[in-house]
Amino acid sequence: MNTSRATDAQEQETVEPGAVTTWDGFARFAATPPSAPPQAGEPPRTVEERLAYHSAFVTVRTPALDALSRSVRTVMILGRHQPVTARPSLIVTGPATTGKTTALLQVGRACHLAHTRRAHPGDESVPVAYVLVPPAATAKTLAAEFARYLGIPVTARMTQAQITTAVCHTYTAAGVRLVLIDEIHRLNPRTTSGAEAADWIKDVTERVPATFVYAGIDVASTALFSGVRGAQLAGRACLIDCGALPARLGTREPFRDLITAMEQALDLHAHRNGSLPRLAPYLHERTAGRIGSLARLIRQAAIEALLDGTEKITKASLDSVRLDHLAEEHYRPRTPTTRRRGSPA
């Protein structure tokens, strides 16, 4: 399983989506030279350099990321000459901490870099937009987020229609070809404001000649796919499942492959390669197969190994790491305290 290198500011649990919700921020993210694992013949890094490296670490290419990359490329070509009202889209869905935002940003980065390589000198077009759906989003607050990405001035006196017109005109003029909308599960079409926001997105997809890719938690089971609005979205969007990795898939062991790829990227002087893949059953149980939880566990254990000088990761050191609450509740569920006989209910 191949790995692509993470930048200093992004990836897995270190990703800060808000930092890339402006064009300048996304361009910096996409163009930042990636950090790389230790290479043969290079002088050893200092502890501080290795702490920084393991904090960022690498992004491992999963089947979901590969599927999304292929699908985005195909759908962008498919939609290029399609009538605007029939342009297809994609939805990245799955439980929390399974790498949806990472996959979205990696695809956006690839699109940005491909455009940069082909661009002529002086080309100021904007190939990719990345927008977070705000909590309790309304059509107007969502429109303002789209405007903020490209620095479109928005005043309190502007109407929703005025902001929308400015967004559609500017995005089209800027040459935006890929629009990434994250946290789409925050939209609830069963509420008045949520329905208006969902309608606003549909309106924009028909006015901006771009491919739209959405990401959210368990989108297929939310209200987004219900009712008339949900049927319209489901009829245009292909789902990419970014779920937890199984321990086994036929004759393959995708979770063990993921662990192997992460272990090969470690920069620990006393760690023995092969020791982490042997712990695959334990690590799968510990993280429920969630890539985000696994990456955090290995990164934290590596940092602890550097801080205490052991320079290796063991089962004992992994077990001492406190993970995110979701993973901890799965692995170490709290049991109710047994009530003593005769105590009041």
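In this report, we go over the structure that sits alongside the text. (Residues numbered from 1 in each chain as written. Predicted model: local features only at pLDDT ≥ 70, side-chain atom pairs only at ≥ 80, totals over all residues. Heavy atoms only, no water.)

Okay, the pairing of strand β6 (residues 211–217) next. Most of β6 is tucked away, with 6 of its 7 residues classed as buried. Sheet topology note: the strand β3 (residues 89–94)/β6 ladder contains 5 bridges and is parallel. Note on β6: the bridge partner recorded for Thr93 is Gly216. Of the pairings in the sheet, the one linking strand β5 (residues 178–182) to β6 comprises 4 bridges and is parallel in character. (Buried < 20%, exposed > 50% of the residue type's maximum accessible area, 1.4 Å probe, protein only. Helix = DSSP H or I, 4+ residues; strand = E, 2+ residues; numbered from the N terminus. Pairing = 2+ DSSP bridges.)

With that settled, the discussion passes to a positive patch on the surface. On the surface, Arg80, Arg117, Arg118 and Arg177 cluster together into a patch of positive charge. Position of Arg177 relative to the elements: it lies in the loop between α6 (160–174) and β5. (Patch = residues over 30% accessible without salt bridge, like charges linked within 9 Å, V, L, I, M, F, W, Y side chains within 5 Å. Areas by Shrake-Rupley, 256 points an atom, 1.4 Å probe, with all protein chains shown as cover. Salt bridge = Lys/Arg side-chain N within 4 Å of Asp/Glu carboxyl O. Lys, Arg positive; Asp, Glu negative; His and termini not counted. Charge placed at Lys NZ, Arg CZ, Asp CG, Glu CD.)

Strand order in this open sheet of 5 strands is β4-β5-β6-β3-β7, and the pairing throughout is parallel. Two strands lie at the open edges of the sheet, namely β4 (128–132) and β7 (237–241), each paired on one side alone. Across the sheet, the axes of successive neighbouring strands diverge by a mean angle of 20°, strand direction being ignored. Its contacts with the sheet put helix α5 (residues 139–149) on β4, β5 and β6, and the angle it makes with β4 is roughly 140°. (Axes fitted to C-alpha atoms, helices over the stretch in contact; angles between N-to-C directions. Contact = heavy atoms within 4.5 Å.)

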